[in-house]
Protein chains: 2
Amino acid sequence: MAQDLTSKKKVEQLTGVFAAALTPMDDGLNVDHEAFAANCRRLLDAGCHGLGIFGTTGEANSLSADERIAALEALVAGGIPGERLLPGTGSCALTEAVRLSRAALEAGALGVLVLLPFYYKGVGDDGLFRFFAGLIERVADPRLRVYLYHFPQMTGVGISPSLIERLLEAYPGVIVGTKDSAGDWGRIEALCREFPGFRVFAGTERFLLDTLRQDGAGCISATVNVTARQARLVHDAHVAGRDEEAAALQKQLTDLRETIEAYPTIPALKGIMGRLTGEDVWRNIRPPLTNLEEGRADELLSRLRKLGLHQE
Amino acid sequence: MAQDLTSKKKVEQLTGVFAAALTPMDDGLNVDHEAFAANCRRLLDAGCHGLGIFGTTGEANSLSADERIAALEALVAGGIPGERLLPGTGSCALTEAVRLSRAALEAGALGVLVLLPFYYKGVGDDGLFRFFAGLIERVADPRLRVYLYHFPQMTGVGISPSLIERLLEAYPGVIVGTKDSAGDWGRIEALCREFPGFRVFAGTERFLLDTLRQDGAGCISATVNVTARQARLVHDAHVAGRDEEAAALQKQLTDLRETIEAYPTIPALKGIMGRLTGEDVWRNIRPPLTNLEEGRADELLSRLRKLGLHQE
């Protein structure tokens, strides 16, 4: 059903329910291109409007730029439409962010999700502005649409609303949105209110309905790898104006999310995928991350099923 | 004078006074290979036993792996002996750290300085162990000597003494030392005491004499770009057993260091180099870093001269 709703029409802009897609790896820890495409196809079939690939969940920073570009090209060659992808193209190195962003445009992506340069701490807005200005000017492509990826718990630096305002003024039509993973509803609500037209994605489906109600874009979330069907139901109920149903579905979705959040997220998601699919490819994760301890994925999956997780 | 002491004899192991070398860039923010080699030559002539290139000061994480490898090759082609270099080869991506480490060995480096993978926070020792184990096993070269780069203020993750112990047990003769930039003398002292033979470099020349007194290896420091001559005098007085002179020289060196530390370090050092050399190449810095405000480099240089900074 969801398939028919999402995969046939031309995507004009990025909006709705996005999984921050996991990156399956073979036993040598290389990206398994075939499994990657299969998982992306599964997520689109489950109702995702699009996919945030190469984000925190996708272990993007644990991959080299060459690996990210090769995997992106393989994904598109494997039949995943570039227009359904929001690739993460951030890097601490401006030159690498430029290269990754160009590759995303070549792959047909309608936007790129750009993490802040995250090595140096205590840097000011001027330096961050220079980074995004340098990126936009070096990519020099009218197709470029930048989503600012705010995740201060990982990066140690954040994007202030005043920096967003400055970037929107300097690069209108190029700086178009954000993924906000700070976990702070007040900030998401303020961004939706202060910057109408700026596409705000919550970094968790916990805020999906609230974000849609504020005319935000939707969510891009790690746990949507597992909750895609249920997140899509929330979205569709909201769009159809079935407010009470949407709220009830959101409550169930939030319960699922909170249950997963009690575990280390990426290992937990790879563990669940291994259990759901029986595929060996899910047992591999790049350091510094490590797998869940034996038995914990089964325990988590059993909890999720009790909460009504839709089966694959 | 210092030239003759340092540049003629075969370097057997890395020890002494190391500058964490700055990376000069042209107006397009590309590494200026010629200026890079010239600056490294200047630092060796000023008395540095070796150079930590591509560290925090060298803006390594603001460069792509390709740029780091090209600059390293150009440096060696430009006459800087590979055996005097301790290249930073860390990366959040294991595959990239492997590639950078291999390139360092090819360039003749006697060691590599490996930063912890710094994107994910809250990772445990098991994941960090896996990262270093993966690096060593993939590089698979008997020449590999790893120095662990501990700088929790930037990386948000640190190397615990118990992880060092575990790595030393698993990879004796390969894990050989550390650069400790946490700024905590108690930790450096404890590492020198607990791991005899493990080469501990302080990340600041403020601890140079204290570290040498504990049989530590020396220091690898950003500010040695400017204080190299004076740091070398401290080292030589200590080695010659002129303890009182060493202590007096250390006091002056510490004053210089503290004066620079009151400014944003990397911009301040590039600013001073611009003033000392008159070269335009020092006015360029990659985002997210930004130059000092107008006039502040002159103000800093004037303070350093009052404290007796040796002239170039």
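Summary of the structure given here. (Residues numbered from 1 in each chain as written. Chains lettered and ligands numbered in written order. Predicted model: local features only at pLDDT ≥ 70, side-chain atom pairs only at ≥ 80, totals over all residues.)

1. Points about unusual backbone geometry
Residues and elements named next belong to chain A.
- Pro288 follows Pro287 through a cis peptide bond whose omega is 15°.
- Here Pro288 shows up in the loop between helix 12 (265–277) and helix 13 (296–306).
- One non-glycine residue, Leu29, adopts positive backbone phi at about 65°.
- Along the chain, the position of Leu29 falls in the loop between strand 1 (16–20) and helix 2 (33–45). (Helix = DSSP H or I, 4+ residues; strand = E, 2+ residues; numbered from the N terminus.)

2. What to know about the pairing of strand 7 (residues 199–202) of chain A
Residue and element names in this part refer to chain A.
- Alternating residues of strand 7 divide into Arg199 and Phe201 and Val200 and Ala202, and every residue in both groups is buried.
- Bridge analysis of strand 6 (residues 175–180) against strand 7 gives 4 bridges, and the strand direction is parallel. The partner of Lys179 across the bridge, within strand 7, is Phe201.
- Here strand 7 pairs with strand 8 (residues 218–221) via 2 bridges, running parallel. From the neighbouring strand, Phe201 faces strand 8, where its bridge partner is Gly218.
- Crossover connection from strand 7 via helix 9 (residues 208–213) to parallel strand 8: handedness right-handed. (Buried ≥ 20, exposed ≤ 12 C-beta atoms within 10 Å, placed from the backbone. Pairing = 2+ DSSP bridges. Right-handed = clockwise from strand over helix to strand, strands pointing away.)

3. A short note on the sheet that holds strand 7 (residues 199–202) of chain B
Residue and element names in this part refer to chain B.
- Spatially, 3-2-1-8-7-6-5-4 is the arrangement adopted by the 8 strands of the open sheet, whose pairing is parallel. The open sheet terminates on both sides in strands that have one partner only, identified here as strand 3 (85–87) and strand 4 (112–115). Strand-to-strand twist in this sheet, taken as the mean axis angle between neighbours without regard to direction, amounts to 25°.
- With 5 bridges connecting them, strand 5 (residues 146–150) and strand 6 (residues 175–180) associate as parallel partners. Residue pairing in the sheet places His150 in a bridge with Asp180 of strand 6. (Axes fitted to C-alpha atoms, helices over the stretch in contact; angles between N-to-C directions.)

4. Some details on the relation of the copies chain B and chain A
- When chain B is fitted to chain A, the residual RMSD is 0.0 Å, and the transformation amounts to a turn of 180° plus an axial shift of 0.0 Å. The relationship between the two copies is best expressed as a two-fold rotation axis. (Least-squares fit on C-alpha atoms with pLDDT ≥ 70 in both.)

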